[in-house]
Protein chains: 2
Amino acid sequence: MLVLIYSLMKKEISNWLDELKKIVGEKSFFTRQEQMLDYSHDEFPGTEIAQLPLAVVKPVNTRQVSDILKWANKSKIPVTPRGGGTGLCGGCIPAPGGIVLSLEEMNRILEIDRQNRMAVVEAGVRLRDFYEAVEKENLFFPPHPGDESAAIGGVIATNAGGARAVKYGVVRNFVKGIEVVLPDGEIVQLGGKLLKNSSGYSLLHLMTGSEGTLGIVTKAILNLLPPPQAQLTLIAPFENLENAVGVVPALGKAGILPMAVEFIEVETIKVAEDFLNKKWPCREGRAHLMIILDGSGEDEVLAAAGRIDALCREFGARQVFVADTPKKQKEVLEIRSKIYETIKKYVVEILDIVLPPAEIPAHVERVRQLSREYGMWLPTFGHAADGNVHTLPLRAHYIDGRWQEIPDSEWKAIYPRVRQALHDDAASRGGLVSGEHGIGLLKKEYLEDAVGRNVVDKMRLIKKAFDPNHILNPGKIF
Amino acid sequence: MLVLIYSLMKKEISNWLDELKKIVGEKSFFTRQEQMLDYSHDEFPGTEIAQLPLAVVKPVNTRQVSDILKWANKSKIPVTPRGGGTGLCGGCIPAPGGIVLSLEEMNRILEIDRQNRMAVVEAGVRLRDFYEAVEKENLFFPPHPGDESAAIGGVIATNAGGARAVKYGVVRNFVKGIEVVLPDGEIVQLGGKLLKNSSGYSLLHLMTGSEGTLGIVTKAILNLLPPPQAQLTLIAPFENLENAVGVVPALGKAGILPMAVEFIEVETIKVAEDFLNKKWPCREGRAHLMIILDGSGEDEVLAAAGRIDALCREFGARQVFVADTPKKQKEVLEIRSKIYETIKKYVVEILDIVLPPAEIPAHVERVRQLSREYGMWLPTFGHAADGNVHTLPLRAHYIDGRWQEIPDSEWKAIYPRVRQALHDDAASRGGLVSGEHGIGLLKKEYLEDAVGRNVVDKMRLIKKAFDPNHILNPGKIF
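Small disclaimer: the values here were computed from a predicted structure and weren't measured. (Residues numbered from 1 in each chain as written. Chains lettered and ligands numbered in written order. Predicted model: local features only at pLDDT ≥ 70, side-chain atom pairs only at ≥ 80, totals over all residues. Heavy atoms only, no water.)

This part is about the overall build of chain A. Broken down by element type, chain A carries 16 helices and 18 strands. Over its C-alpha atoms chain A spans a radius of gyration of 23 Å, differing by no more than 12% from the 23 Å that the globule rule assigns to 478 residues. In terms of overall dimensions, chain A has a C-alpha envelope of 75 × 60 × 45 Å along the principal axes. Scored against the burial criterion, the 478 residues of chain A give a buried share of 61%. Per element, the accessible surface of chain A, about 18,300 Å² overall, is 50% carbon and sulfur. Charge centroids of chain A, computed over 58 positive and 61 negative side chains, lie 3 Å from each other. (Helix = DSSP H or I, 4+ residues; strand = E, 2+ residues; numbered from the N terminus. Rg over C-alpha atoms; globule rule 2.2 N^0.38 Å. Buried < 20%, exposed > 50% of the residue type's maximum accessible area, 1.4 Å probe, protein only. Areas by Shrake-Rupley, 256 points an atom, 1.4 Å probe, with all protein chains shown as cover. Lys, Arg positive; Asp, Glu negative; His and termini not counted. Charge placed at Lys NZ, Arg CZ, Asp CG, Glu CD.)

As structure tokens, this is what we get:
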């Protein structure tokens, strides 16, 4: 009997999938395992959350996205939208028995409107291509989440941040309009080439950061800025993280607002240097600040750099290193950006805790304490002036240039406690579970603790109002 | 029979109100007409939308706000929250048969946290007091909606903008946390002293701009910036608005991002001068730009001013006037800020259209065309670089220093067509009905046309999810 039902179900699904294939055409429809493997995971290193979909479709226009969602809503088959697949917490991993809707073929930069300083792009445009197009027009898109393979739709879905958010704010601040396909296939336009908007509830801001669970962003209108005329990167080594992070409010008091203020512990830099075969400007001290300054001219930037140099010395930095050429700046940035890559193989999880910035030293002290207590290396770095701390618990130690793995049974027994203790510490300091990566699959169990049960209940009510059949990226966020 | 029902209803309401009085105490409970008159309207000049509430209550803490909403939810009596009452489209006018919940007694600045550059304030704090407190700490709260009597809760409820939004963005960008009482009396905390947040749907951003229809903001955590070290105001007169507004994208191309770029037509300035007995720096040309520059030092600001001077001349300005002392700057700003006050008596409505900035000249040309066609003076000014255009249709002409009223029967016959034509023009240019004032009562009929029926339907679903009994500021937005 069960076998019969199963084969009936299989037959029905097969019929449904035939309908789906008709919508996008044979060339944009994939069901073979080897074609779908890349769509079963994101950039999170653990393979245990990977999931093969029933099919992968690659629509080429909004009409097709709409037809796919109408089909899914009728057939009750889950749809998981996917951009660059560079997420870090499982947000684009397909739901069991569902399909992946990849926006990779919708990758046209439709317009760069210099008069209004707005870009109109399809959701599948990669950040790398977008930066290039914007720079060509002598304009500037400030948000810079680490991985330039990310797609515009994805950075909107997660409200991505990145280092440059200190001065310019997160992706949310730059999204002025979106075209969204709702779960029932309706296509709506929210916002526009508009810098202000108080015309009813901001569905635009509700969609931003909703991780593809309320609608699929197909196009975006992004605000651009005049490019900074000068840029400079400083590296300042400190005896300890307290001193390093202490510089942040001092910068504010001095009226200096850098583009980025990153903190990194020296032992993490060493691994990245070894792996990338590149040299960080210095190895002194235990904790470094990387400060990126921009401004309307060289004089302005140099003057600010001078004041930062003096401030850093007040907090115990013996020397401040300057990357003044684009080449040197790029090299420093590359090391910082690729830290994750160099340790990825042994990363158990990528935490994304966000705190009031002044709480960073105490939180990182707690990280160290847990590291000693549990014998687990917990490399920690992040966005100092944003209060966004990435701790990357490792299932290996790096000793004398070599990785020494911890047996699975050992780290798996302790890691849940480490993770809970870190989130508890964040909560006790007014922090939350995600600053820029989103909740996805992996941070779900911490969301209620962080924001409160009644808040998550309200999110569920909104989900139900938008997606009563629960077809859009189900199982994510809550 | 009807009389009997009515007296029963009256009795029941009277019982309900007794319960309400117990919550806030006799001293914070008002039902006499003369006590409630100020709460029957906002700053919109038309008296026809005024409405007396059943009672006005002034809770002193969040617990009382919660108890009031529990009471209202049980008794199904509408509650309209009220801040400074400085709104311009009827957003805080009580619903018939409802009460006003004024937050004016919740006006404490709880904390200015210099380390994290965040302020924690109660919702009833007035902008004027807030600016003063922030300046004392040598910090800066950029948003500046015109009227400093506005309350923090109100500027969050409308997502207010103001002139300084060009460089710094609207109120939304600075609200990092709120305490909200939901319609059922639940108290929730959204966000925190956090500069980044991707922890689930942003109810924080959904609440911002929801005009008190989804919850009552009782506290806010606001991000502060280091103060600019130098500031300068320029006035540039142009032959026509096209030339004036043409400067805006040129500024962007030159890499200059002013704090504010306002446009004003000369005939409007003249009325303000007469009324305020103050002198605007010049009367040349037909349209003026007022540009406020800020920066990290005098040299930087002066250098930018020099480049702006050259740019304005390229667009036909014969001379650019500089207000370089705080006194001169204040005087110019005062004239600009008080334009509304000087013509308020004859203002029929305050439009708040927002457009892609480059569409301003064509839209204002349409304003002029309608003005000629209908013989109605339509003074127009606003935020040039934001695309936010305020047209203030007048029911009088200002001729040789005197007001000549248009008979009611005349302007009432034509005004609906003028208004519709202006909103149609905005829609055809990708514009929307409100940039910074909100929808309130007065712009409701234009919302569906502007954002689309299905978008408003989704707003209604959200309203229903949060407020199934429809007690919170009913009748606003949609």
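With that out of the way, let us pick up the sheet that holds strand β5 (residues 109–113) of chain B. Residue and element names in this part refer to chain B. Strand order in this open sheet of 5 strands is β5-β6-β9-β7-β8, and the pairing throughout is antiparallel. Edge positions in the open sheet fall to β5 and β8 (187–191), since each of these has one partner strand only. Between one strand axis and the next, the sheet turns by 10° as a mean value, whatever way the strands run. With 5 bridges connecting them, strand β6 (residues 118–122) and strand β9 (residues 216–223) associate as antiparallel partners. Across the sheet, Glu-122 pairs through a bridge with Lys-219, a residue of β9. Here helix α4 (residues 127–136) sits on the sheet in contact with β5, β6 and β9, set at roughly 35° to β5. (Pairing = 2+ DSSP bridges. Axes fitted to C-alpha atoms, helices over the stretch in contact; angles between N-to-C directions. Contact = heavy atoms within 4.5 Å.)

On the surface, A:Glu298, A:Asp299, B:Glu298 and B:Asp299 cluster together into a patch of negative charge. Elements supplying a minimum of two residues to the negative patch: α10 (298–314) of chain A together with α10 (298–314) of chain B. Position of B:Glu298 relative to the elements: it lies in helix α10. In this structure B:Glu298 comes out as exposed when scored by relative accessible area, which is 58%. (Patch = residues over 30% accessible without salt bridge, like charges linked within 9 Å, V, L, I, M, F, W, Y side chains within 5 Å. Salt bridge = Lys/Arg side-chain N within 4 Å of Asp/Glu carboxyl O.)

Attention shifts here to the relation of the copies chain B and chain A. Relative to chain A, chain B is turned by 180° and slid 0.0 Å along the rotation axis, the superposed coordinates differing by an RMSD of 0.0 Å. Within this description, the copies of the chain are treated as partners about a two-fold rotation axis. A high fraction, 100%, of the interface residues of chain B reappear at the interface in chain A, so the copies pair face to face through one surface. (Least-squares fit on C-alpha atoms with pLDDT ≥ 70 in both.)

Listed as interface residues are 80 residues of chain B and, on the opposing side, 80 residues of chain A. Summing both sides of the interface, chain B and chain A together bury roughly 6,400 Å²; the carbon and sulfur share of this comes to 60%. The largest contributions to the chain B side of the interface with chain A come from B:Lys196, B:Ser198 and B:Tyr201, which together make up 16% of the buried area. Linking chain B with chain A are 6 salt bridges. (Buried area = accessible area lost by both parts, 1.4 Å probe.)

To continue, consider the domain arrangement of chain A. By domain assignment, chain A separates into domain 1 (2–102), domain 2 (109–223), domain 3 (230–337) and domain 4 (342–438). Just the C-alpha atoms count here: the centres of domain 1 of chain A and domain 3 of chain A sit 44 Å apart. (Domains from an automatic or database assignment.)

Summed over the entire model, instances satisfying the criterion amount to 16 aromatic pairs over all chains. When the centroid spacing of 5.4 Å and the interplanar angle of 85° are considered together, the rings of B:Phe140 and B:Tyr168 count as edge-to-face. With B:Phe140 in the loop between α4 and α5 (152–157) and B:Tyr168 in helix α6 (residues 165–168), the pair connects residues that are 28 residues apart, well separated along the chain. According to the relative accessible area criterion, B:Phe140 is buried, its value standing at 9%. Using a relative accessible area of 17% as the deciding quantity, one classes B:Tyr168 as buried. Taken together, the aromatic side chains of A:Phe130, A:Tyr131, A:Phe141 and A:Phe174 make up a single cluster linked through ring pairs. Sitting over the ring of A:Phe30, A:Lys58 keeps its end group 4.4 Å from the ring centre. One residue, B:Arg164, lies across the ring of B:Tyr131, its end atom 5.9 Å from the ring centre. (Phe/Tyr/Trp six-rings, centres within 6.5 Å; stacked < 30°, edge-to-face > 60°. Lys NZ or Arg CZ within 6 Å of the ring centre and 35° of its normal.)

Bringing the side chain of A:Thr268 into the picture now. Looking at the element boundaries, A:Thr268 is found in helix α9 (residues 266–276). When sequence neighbours within four positions are dropped, the list of residues in contact with A:Thr268 reads A:Ile339, A:Trp377, A:Pro379, A:Thr380 and A:Phe381.

Take the pairing of strand β6 (residues 118–122) of chain A next. Of all 5 residues in β6(A), 5 are buried; the element is thus mostly enclosed. Neither face of β6(A) is exposed, since A:Met118, A:Val120 and A:Glu122 on one face and A:Ala119 and A:Val121 on the opposite face are all buried.

What follows deals with the packing of helix α9 (residues 266–276) of chain B against helix α11 (residues 326–343) of chain B. Packed helices, taken two at a time, are described by their axes: the angle between them and the distance between them. Residue and element names in this part refer to chain B. Contact geometry for α9 and α11: axes closest at 9 Å, N-to-C directions at 85°. Considering their axes alone, α9 and α11 lie roughly perpendicular with respect to each other. On α11, the residues touching Thr-268, Val-271, Ala-272, Phe-275 and Leu-276 of α9 are Glu-334, Ile-335, Lys-338, Ile-339, Thr-342 and Ile-343. Of the residues in the contact of α9 with α11, the class split is 7 nonpolar, 2 polar and 2 charged. (Parallel < 35°, antiparallel > 145°, perpendicular 65-115°, else oblique. Nonpolar A, V, L, I, M, F, W, Y, C, P; charged D, E, K, R; others polar.)

Turning next to the side chain of A:Ser66. Residues and elements named next belong to chain A. With respect to the element layout, Ser-66 can be found in helix α3 (residues 62–75). On the basis of relative accessibility, which here comes to 0%, the residue Ser-66 falls in the buried class. Ignoring anything within four residues of it in the chain, the contact list for Ser-66 reads Val-181, Gly-185 and Ile-187.

All names here are of chain A. Tracing the backbone through its elements, the reader meets Leu-378 in the loop between α13 (360–374) and β15 (380–383). The class for Leu-378 is buried, based on a relative accessible area of 4%. Residues Leu-378 and Val-418, spaced 40 residues apart in sequence, show a C-alpha to C-alpha distance of 9.6 Å.

One pass over the full model with this rule turns up 67 salt bridges over all chains. The closest approach of N and O atoms between B:Lys193 and B:Glu111, which form a salt bridge, is 3.0 Å. Residue B:Lys193 is found in the loop between β8 and α7 (203–207), and its partner B:Glu111 is found in strand β5; the two are separated by 82 residues along the sequence. A relative accessible area of 17% means that B:Lys193 is categorised as buried. B:Glu448 serves as the salt-bridge partner of B:Arg460, at 3.6 Å between the closest nitrogen and oxygen. Here the residue B:Arg460 occupies a position in helix α15 (residues 453–466), and B:Glu448 occupies one in helix α14 (residues 444–451), the gap between them amounting to 12 residues. A single network of salt bridges, built from pairs that share partners, joins A:Glu265, A:Glu365, A:Arg368 and A:Arg372.

Residue and element names in this part refer to chain B. With respect to topology, 4 strands assemble into an open sheet ordered β1-β2-β4-β3, the strand pairing being mixed. Strands at the two margins of the open sheet, each flanked by one partner only, are β1 (29–30) and β3 (79–82). Across 2 bridges, β1 lies against strand β2 (residues 55–57) in antiparallel orientation. Bridging from a neighbouring strand, Phe-30 pairs with Val-56 of β2.

Let us look at the packing of helix α13 (residues 408–428) of chain B against α14(B). Residue and element names in this part refer to chain B. For the pair α13 and α14, the least separation of the axes is 11 Å and the interaxial angle reads 25°. Relative to α14, the element α13 lies roughly parallel. Both α13 and α14 take part in a crossing whose hand is right-handed. Across the interface between the two elements, Pro-416, Arg-419, Gln-420 and His-423 from α13 touch Glu-445, Tyr-446 and Asp-449 from α14. When the residues that make up the contact of α13 with α14 are grouped by side-chain class, the tally is 2 nonpolar, 2 polar and 3 charged. (Left-handed = near helix turned anticlockwise from the far one by under 90°.)

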